[in-house]
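Single-letter residue listing:
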Amino acid sequence: MTTKSKKTKSAGRFGARYGKTVKDKFVKVESKQRMKQTCPFCKKVGVKRISKGVWKCHRCDKKFASNTYFLD
Ligand SMILES: [Zn+2]
């Protein structure tokens, strides 16, 4: 079964493992890190997380290092 349920969101891929509390915390962090963030250079929303601490803005095409999971 690979169906995602609404309850678990992106943590649905872990199935019945790891417990609800852990998955809830994980969803909180992951949903934020996947959102597009505000670029510190052009002040527009369009920065995506490429890797740990690596971010790229698709508007001004800048790649920069910053916080690991999300920008402020
Ligand atoms: Zn930018």
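Up top you'll find the structure we're talking about.
Below you will find a few notes about this structure. None of the values given here were measured: they were computed from a predicted structure.

### Re the environment of Lys43
Thinking step 1. One can find Lys43 in the loop between strand S1 (37-38) and strand S2 (45-51).
Thinking step 2. Sequence separation between Lys43 and Arg17 is 26 residues; the distance between their C-alpha atoms is 40 Å.
Thinking step 3. Among the polar contacts listed, one links the side chain of Lys43 to the backbone oxygen of Pro40, at a separation of 3.4 Å.

### Describing the pattern of salt bridges
Thinking step 1. Under the counting rule described, the total for this entry stands at four salt bridges.
Thinking step 2. Close ionic contact of Arg13 with Glu30 constitutes a salt bridge, the shortest N to O distance being 3.2 Å. With a gap of 17 residues between them, Arg13 in the segment before helix H1 (20-34) and Glu30 in helix H1 connect regions that are remote in the sequence.
Thinking step 3. Here Glu30 falls in the buried class, since its relative accessible area comes to 6%.
Thinking step 4. A salt bridge links Glu30 to Arg34; the shortest N-O distance between them is 3.3 Å.

### With respect to the nonpolar core
Thinking step 1. The biggest cluster of nonpolar side chains holds six residues, and these are Cys39, Val47, Trp55, Cys57, Phe64 and Leu71.
Thinking step 2. Setting aside anything within four residues of it in sequence, one finds Cys39 in contact with Lys44, Val47, Cys57 and Cys60.

Thresholds, definitions, all that
Residues numbered from 1 in each chain as written. Predicted model: local features only at pLDDT ≥ 70, side-chain atom pairs only at ≥ 80, totals over all residues. Heavy atoms only, no water. Helix = DSSP H or I, 4+ residues; strand = E, 2+ residues; numbered from the N terminus. Polar contact = N/O pair within 3.5 Å; in protein donor to acceptor, adjacent residues only side chain to side chain. Salt bridge = Lys/Arg side-chain N within 4 Å of Asp/Glu carboxyl O. Buried < 20%, exposed > 50% of the residue type's maximum accessible area, 1.4 Å probe, protein only. Core = buried A, V, L, I, M, F, W, Y, C linked by side-chain atoms within 4.5 Å. Contact = heavy atoms within 4.5 Å.

All we've got here are geometric facts, nothing functional implied.
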